[in-house]
Amino acid sequence: MNTLKAPHILVVDDDPAITEMVGHYLSEHDFKVSAARNGAEMHQVLRQSTVQLVLMDLRLKGESGLNLARELRERRSLPVIILTGQSEEADRVMGLELAADDYVVKPFSLRELLARIRAVLRRYASAVFETGAISTHPAPGIRAYRFEGWELNLRLRRLRAPDAREIELSVGEFSLLHALCRAPGRVLSRDQLLEMTRRDAGAVYDRAIDVQILRLRRKIELDASTPRYIRTERGAGYLFDTSVEPMM
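Note that this is a predicted model, so its numbers are computed, not measured. (Residues numbered from 1 in each chain as written. Predicted model: local features only at pLDDT ≥ 70, side-chain atom pairs only at ≥ 80, totals over all residues. Heavy atoms only, no water.)

Caption draft 1: Expanded view of the nonpolar core. With 29 residues, the main nonpolar core has L177, I230 and F240 as its most contacted residues. Here the element with the most residues in this core is helix α6 (residues 171-181); it accounts for 6 residues. Not counting chain neighbours up to four residues away, the residues in contact with I230 comprise L180, I213, L216, R217, I220, E221, Y238, L239 and F240. Listed in part, the 19 residues of the second largest apolar core include L10, V12, V45 and L60. (Core = buried A, V, L, I, M, F, W, Y, C linked by side-chain atoms within 4.5 Å. Buried < 20%, exposed > 50% of the residue type's maximum accessible area, 1.4 Å probe, protein only. Helix = DSSP H or I, 4+ residues; strand = E, 2+ residues; numbered from the N terminus. Contact = heavy atoms within 4.5 Å.)

Caption draft 2: Up close: the pattern of salt bridges. As enumerated under the stated definition, the model contains 15 salt bridges in all. Here R143 and E151 are joined by a salt bridge, their closest N and O atoms 3.9 Å apart. Of the residues examined, R143 reaches a relative accessible area of 24% and is grouped as partly exposed. E151 is the salt-bridge partner of R146, the closest N and O atoms lying 2.8 Å from each other. You can call E151 buried: its relative accessible area is 9%. Each of R143, R146, E151 and R160 takes part in one network of salt bridges that share partners. (Salt bridge = Lys/Arg side-chain N within 4 Å of Asp/Glu carboxyl O.)

Caption draft 3: Geometry of the environment of I18. Tracing the sequence through the fold places I18 in helix α1 (residues 16-28). A C-alpha to C-alpha distance of 9.9 Å links I18 and P107, two positions 89 residues apart in sequence. Once residues lying within four places of it in the same chain are set aside, the contact partners of I18 are D13 and K106.

Caption draft 4: View of unusual backbone geometry. With omega at -10°, the peptide bond leading from K106 into P107 counts as cis. With respect to the helices and strands, P107 occurs in the loop between β7 (102-106) and α5 (110-129). Phi at R157 is positive, roughly 55°, even though this residue is not glycine. Along the chain, R157 falls in the loop between β9 (150-153) and β10 (158-160). A residue is classified by how much of its surface remains accessible, and R157, at 36% relative accessible area, is partly exposed. Of note in the backbone geometry, A164 takes a positive phi value of approximately 80° without being a glycine. Mapped onto the elements, A164 comes out in the loop between β10 and β11 (166-167). Overall, A164 belongs to the exposed group, its relative accessible area being 54%.

The structure is reproduced here in structure tokens:
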């Protein structure tokens, strides 16, 4: 399996038999698989790796999988498939209404699970790359974005650091950070970044994106050589790896 190209699935389930069985099966079908037993382990994997889909058990010990799925949907643009029991129809309905892209009922067929994962990933890829689900224009009503103490003010076009300092940004740096804040947790190609920053004509172009990213890292990263926020995804583009809160 080529793990550089394999879609990465995160299985959140406190039953080791389930995570081992699913992990082994999906690995045989060219997926990279990580497992988490709870919300803390889930967030650790998401901080350290790029994940394309989360498979979430709703009945975790001491935690609500539904709340974790809802949190993912609010903070990251990740597809979620929920695992439920046969008698948990109310949870399935609520999950689909509030968070999940699909569900699988336990005990489940591994072939069905694989088919549902592939179908959700296809729909997600189609929405993002073909129909432009990542909008090229800012959402109406949003005045700022916050992430880990930083605030990007769209109306004033200013960036405020966690220590309240104002960080001066060029037009290109502002446009790129704005684009990244609108799609946290997603890998954005250079072409997508060009499209998303088009409204600031001439601000960013072609390989200059790499230069602008480097300059932006020097302003917001503790160490630009080992970036915490703006990660390079080799051969794919850039990922803004943090939770972002839009401010109305």
